[in-house]
Amino acid sequence: MPADFHIHSQFSDGTYSIEDILRVSQEEGLTSIALTDHDTVSGLKEILEKSSSSEIIVVPGIELSSVYEGEDVHILGLGIDFNNGELLSALEYFQEKRRERLLKIIECLQEAGFELNENDFSDFNFHSESIGRVHVAEVLKRKGFVSSVSEAFELWLSRKSPCFKEKFIVTPFEQIKLIERASGLPVLAHPGDYSKKVPLVEMVKAGLKGIEAFHPDHKSEQIKAFLDFAEEHSLVVTGGSDAHGPGSERGYNIGFIKLPDSYEKRVLEVLGLSSSKNA
Ligand code: AMP
Ligand code: FE
Ligand code: FE
Ligand code: ZN
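Keep in mind that this is a model prediction, so the values were computed, not measured.

Peer 1: Help me understand the pattern of salt bridges in this model?
Peer 2: Two side chains that carry opposite charge are able to pair once their charged atoms sit near each other. Under the definition given, this model contains 18 salt bridges. Close ionic contact of lysine 143 with aspartate 120 constitutes a salt bridge, the shortest N to O distance being 3.6 Å. Here the residue lysine 143 occupies a position in the loop between α5 (133–142) and α6 (149–157), and aspartate 120 occupies one in the loop between α3 (85–111) and α4 (122–127), the gap between them amounting to 23 residues. According to the relative accessible area criterion, lysine 143 is partly exposed, its value standing at 36%.

Here is the structure:
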């Protein structure tokens, strides 16, 4: 009865369609999943509708970007009300900033001598209102300017690379509060990816309610440390694969992390969802 509470789709920077997600989750024997696209809720209505006749419990989720002292910090919102007006207008702002950043990155890459323009992104725009660096990396790869997405990040797009542009600066505390006001459970995504500067205890004081102890990037000692931290601060433990789908270079496929039953049960209980659709 395992869960995967961190999955991306084509609505942000993943390659899975909603149908793919439901099919693979079933094949992997998952009982509950969360769709957590970056800064968008566009896939949620479809996945909830298409899963209504299946046995899989789908938690509506999101992964919000934030910045703490020049470092990217991701906050998951599980069980959000995706019709919440304040959340929707915040997302509109984040998506607009993402589009503005895309233009700045394109301009920088053009100045560096690459021939590309906005039209190269029309495929992605079709699905994704949340245009990001992975899309830029894919275009660079498709045009043969780099050999891989990770090379595109390393040479051009990462924080220390020449065409890095900030999308928007919102703190983790603000994102935690936004999720809380949209009736969601704020969870720190992949805590093992951050430097020691990122203030976990302050985030808990700001309303963080969960921590993603189980993630493909975490070694067993880190998982143990995050489980201890959760215990100490009464946080809900979550986990997921951070799957971006076949053909994507980062993350793993759905079900790579299968959150153990006891944690799955607790997450669903806190969200007010039953552990079984037939119960
Ligand atoms: P963005 O939110 O558009 O700034 O892009 C950040 C996203 O890019 C992350 O959430 C990852 O999904 C992805 N990403 C970051 N670094 C890499 C990398 N080195 N290779 C592939 N994908 C990456
Ligand atoms: Fe991503
Ligand atoms: Fe993330
Ligand atoms: Zn993610």
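More follows now that the structure is in view.
Peer 1: Honestly, the sheet that holds strand β6 (residues 210–214) in this entry has me stumped. Any pointers?
Peer 2: Strands belonging to one sheet form pairs held by backbone hydrogen bonds; the direction of such a pair is parallel or antiparallel. In spatial order, the strands read β1-β2-β3-β4-β5-β6-β7; together these seven strands make up an open sheet with mixed pairing. Only two strands of the sheet have a single partner each, and these edge strands are β1 (3–7) and β7 (236–239). The mean angle between the axes of side-by-side strands here comes to 35°, regardless of whether they run parallel or antiparallel. Here strand β3 (residues 57–68) pairs with strand β4 (residues 71–78) via eight bridges, running antiparallel. Its bridge partner being in β4, serine 66 is matched across the sheet by valine 73.

Peer 1: Would you mind showing me how to read the site of ligand 1 here?
Peer 2: Taken together, 13 residues form the shell around ligand 1, and within it His38, Arg98, Arg101, Gly132 and Arg133 come nearest. One of the side-chain N or O atoms of arginine 101 is found 2.7 Å from an oxygen atom in ligand 1. Within the contact set of ligand 1, an oxygen atom lies 3.2 Å away from a side-chain nitrogen or oxygen of histidine 244. When ligand 1 sits alone it has 500 Å² of accessible area, and the protein chains cover 85% of it. Assessed atom by atom at 2 Å from the grid points, ligand 1 resides in the largest pocket.

Peer 1: What is the right way to look at the pairing of β7 in this model?
Peer 2: On any regular strand, side chains alternate: one points to one face of the sheet, the next to the other face. Along β7, one buried face is formed by Val236 and Thr238 and the opposite face, lined by Val237 and Gly239, is buried too. As paired strands, β6 and β7 are joined by four bridges and run parallel to one another. If you follow glycine 210 over to β7, its bridge partner there is valine 236. In this fold, the crossover linking β6 to β7 by way of helix α9 (residues 220–232) has right-handed handedness.

Peer 1: For this particular structure, what's the right way to read the nonpolar core?
Peer 2: Nonpolar side chains in soluble globular proteins tend to end up buried together. Counting 67 residues, the largest nonpolar core has Phe5, Ile33, Ile47, Leu78 and Met203 as the members making the most contacts within it. Counting 19 residues, the second largest nonpolar core, distinct from the first, contains Ile105, Ile106, Leu140 and Trp156.

Peer 1: Would you take a moment to explain the coordination of the iron ion (ligand 3) for this structure?
Peer 2: The reference angle at a metal is 109.5 degrees if four donors form a tetrahedron and 90 or 180 degrees if six donors form an octahedron. The protein atoms donating to the iron ion (ligand 3) are Glu63 (OE), His74 (ND1) and His190 (NE2), with metal-donor distances spanning 2.1 to 2.3 Å. The sequence pattern describing where the donors of the iron ion (ligand 3) fall on their chain is E-x10-H-x115-H. Between the iron ion (ligand 3) and the iron ion (ligand 2), a spacing of 5.8 Å is present. Of this pair, glutamate 63 sits in strand β3 while histidine 190 sits in the loop between β5 (185–188) and α8 (200–206); the two residues are 127 residues apart in sequence, bridging distant segments of the chain. Across the pair, exposure class does not vary: glutamate 63 and histidine 190 are buried alike.

Peer 1: For this particular structure, what's the right way to read the packing of aromatic side chains?
Peer 2: Two aromatic rings, taken as a pair, are described by how far apart their centres are and by the angle between their planes. In this structure the tally under the stated criterion is seven aromatic pairs. Their ring planes at 35° and their centres at 4.9 Å tell us that phenylalanine 114 and phenylalanine 145 sit as a pair that is tilted. One end of the pair, phenylalanine 114, is in the loop between α3 and α4; the other, phenylalanine 145, is in the loop between α5 and α6, and 31 residues separate them in sequence. You can call phenylalanine 145 partly exposed: its relative accessible area is 29%. With a relative accessible area of 15%, phenylalanine 114 lands in the buried category. Members of the aromatic cluster, connected to one another through ring pairs, are Tyr93, Phe94 and Phe168. Sitting above the plane of the phenylalanine 168 ring, lysine 167 keeps its charged end 5.6 Å from the centroid.

Reading guide: rules and limits
Residues numbered from 1 in each chain as written. Chains lettered and ligands numbered in written order. Predicted model: local features only at pLDDT ≥ 70, side-chain atom pairs only at ≥ 80, totals over all residues. Heavy atoms only, no water. Salt bridge = Lys/Arg side-chain N within 4 Å of Asp/Glu carboxyl O. Helix = DSSP H or I, 4+ residues; strand = E, 2+ residues; numbered from the N terminus. Buried < 20%, exposed > 50% of the residue type's maximum accessible area, 1.4 Å probe, protein only. Pairing = 2+ DSSP bridges. Axes fitted to C-alpha atoms, helices over the stretch in contact; angles between N-to-C directions. Near = heavy atom within 4 Å. Polar contact = N/O pair within 3.5 Å; in protein donor to acceptor, adjacent residues only side chain to side chain. Areas by Shrake-Rupley, 256 points an atom, 1.4 Å probe, with all protein chains shown as cover. 1 Å grid on protein atoms, 1.4 Å probe; cavity = no way out; pocket = protein on both sides within 12 Å on 5 of 7 lines; lining within 4 Å. Sits in = over half its atoms within 2 Å of the grid points. Right-handed = clockwise from strand over helix to strand, strands pointing away. Core = buried A, V, L, I, M, F, W, Y, C linked by side-chain atoms within 4.5 Å. Donors = N, O, S within 2.8 Å, 3.2 Å for Na, K, Ca; no water. Phe/Tyr/Trp six-rings, centres within 6.5 Å; stacked < 30°, edge-to-face > 60°. Lys NZ or Arg CZ within 6 Å of the ring centre and 35° of its normal.

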